[in-house]
Amino acid sequence: MSKGNWLEAVVSQNQVLEVLETNQYTEKYGLTLNEEEAQMIVAERRNTLKEQKRVEFGESILPRLIYEFCDSYYINQDNYAETMVRLQEIFFLYKNEMLDELTDNELIHFMKEQFETVCYGDLDYLEGTCLDVFSQAVRSGYEGYKQTEGRREYGRFDEVTRWDPRLYLEALKNLQ
């Protein structure tokens, strides 16, 4: 085994252990990863970093994604590992798309808020609509997210008319 491969194996094993340590926190939400799932997520992280031409120094973003998303209404034990893989792919894609303007925490907060509210757990909508629209605004110079750490931002750019409970109740009254 070459020195590079040995070092990569040690780093990967440390990342797997780091991911497995999150189980202590996430089990209260009914979510745990076994070693095989953790290894798969770490391997996918490596692939995503290569694909997005990114390098991570220090702690992996994955534990922060896990801690932020583990209480989601839309993540359960059956989709947990796959969702974490997809979230890290989306995270690195949009770090690039937003030209690294947002901090990791700002992007993670934005992702979580949209995932729970606008997207209702739909990762394709998160990636292809919410983050796409927001990244266009960021690339155009929008900086309002800095004051809110990425929270409550999407409504400024959302082009889709959403369901309004007040209007719904008013329409019901008119039907009577």
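That block above? That's the structure.
Here is a short report on the structure shown in this document. (Residues numbered from 1 in each chain as written. Predicted model: local features only at pLDDT ≥ 70, side-chain atom pairs only at ≥ 80, totals over all residues. Heavy atoms only, no water.)

Points about helix α4 (residues 62–69)
Looking at α4, one finds that the buried residues are Leu62, Pro63, Leu65, Ile66 and Phe69. For α4, the arc enclosing every buried residue in end-on projection is 160°, short of the 170-degree limit, so these residues lie on one face. (Buried < 20%, exposed > 50% of the residue type's maximum accessible area, 1.4 Å probe, protein only. Helix = DSSP H or I, 4+ residues; strand = E, 2+ residues; numbered from the N terminus. Arc of directions from axis to C-beta.)

Concerning a nonpolar patch on the surface
A cluster of nonpolar residues, Tyr25, Tyr29 and Tyr67, forms a patch on the protein surface that exposes about 280 Å² of accessible area. In this fold, Tyr29 is placed in the loop between α2 (23–26) and α3 (35–51). Since its relative accessible area comes to 36%, Tyr29 is described here as partly exposed. (Patch = residues over 30% accessible without salt bridge, like charges linked within 9 Å, V, L, I, M, F, W, Y side chains within 5 Å. Areas by Shrake-Rupley, 256 points an atom, 1.4 Å probe, with all protein chains shown as cover. Salt bridge = Lys/Arg side-chain N within 4 Å of Asp/Glu carboxyl O.)

Things to note about the packing of helix α6 (residues 104–116) against helix α7 (residues 123–139)
Packing of α6 against α7 brings their axes to within 10 Å, and their N-to-C directions diverge by 125°. The orientation of α6 with respect to α7, classified from their angle, is oblique. Along this stretch, α6 crosses α7, giving a crossing that reads as right-handed. Mapping the contact onto sequence places Leu107, Phe110, Met111, Gln114 and Phe115 in α6 and Leu123, Leu126, Cys130, Leu131 and Phe134 in α7. The residue inventory of the contact of α6 with α7, partitioned by class, reads 9 nonpolar, 1 polar and no charged. (Axes fitted to C-alpha atoms, helices over the stretch in contact; angles between N-to-C directions. Parallel < 35°, antiparallel > 145°, perpendicular 65-115°, else oblique. Left-handed = near helix turned anticlockwise from the far one by under 90°. Contact = heavy atoms within 4.5 Å. Nonpolar A, V, L, I, M, F, W, Y, C, P; charged D, E, K, R; others polar.)

With respect to the packing of α4 against α6
In the contact formed by α4 and α6, the axes pass within 10 Å of each other and the chain directions differ by 35°. Seen from above, α4 lies across α6 with right-handed handedness. On the side of α4, the interface is formed by Arg64, Leu65, Glu68 and Phe69, while α6 contributes Asp104, Asn105, Ile108, His109, Met111, Lys112 and Phe115. In terms of residue class, the contact of α4 with α6 is made up of 5 nonpolar, 2 polar and 4 charged.

What to know about the pattern of salt bridges
The tally for this structure, following the rule as stated, stands at 8 salt bridges. Of the charged contacts, one joins Asp124 and Arg86 as a salt bridge, the two residues approaching to 2.8 Å between their closest N and O atoms. Residue Asp124 is located in helix α7, and its partner Arg86 is located in helix α5 (residues 80–97); the two are separated by 38 residues in the primary sequence. Overall, the relative accessible area of 51% leaves Asp124 in the exposed class. In this structure Arg86 comes out as partly exposed when scored by relative accessible area, which is 22%. Here Arg139 ties to Glu97 by a salt bridge, and the two come within 3.3 Å at their closest N and O atoms. Taken as a pair, Arg139 in helix α7 and Glu97 in helix α5 lie far apart in primary sequence, 42 residues in all. For Arg139, a relative accessible area of 38% corresponds to the partly exposed category. Its relative accessible area of 32% is what places Glu97 among the partly exposed residues.

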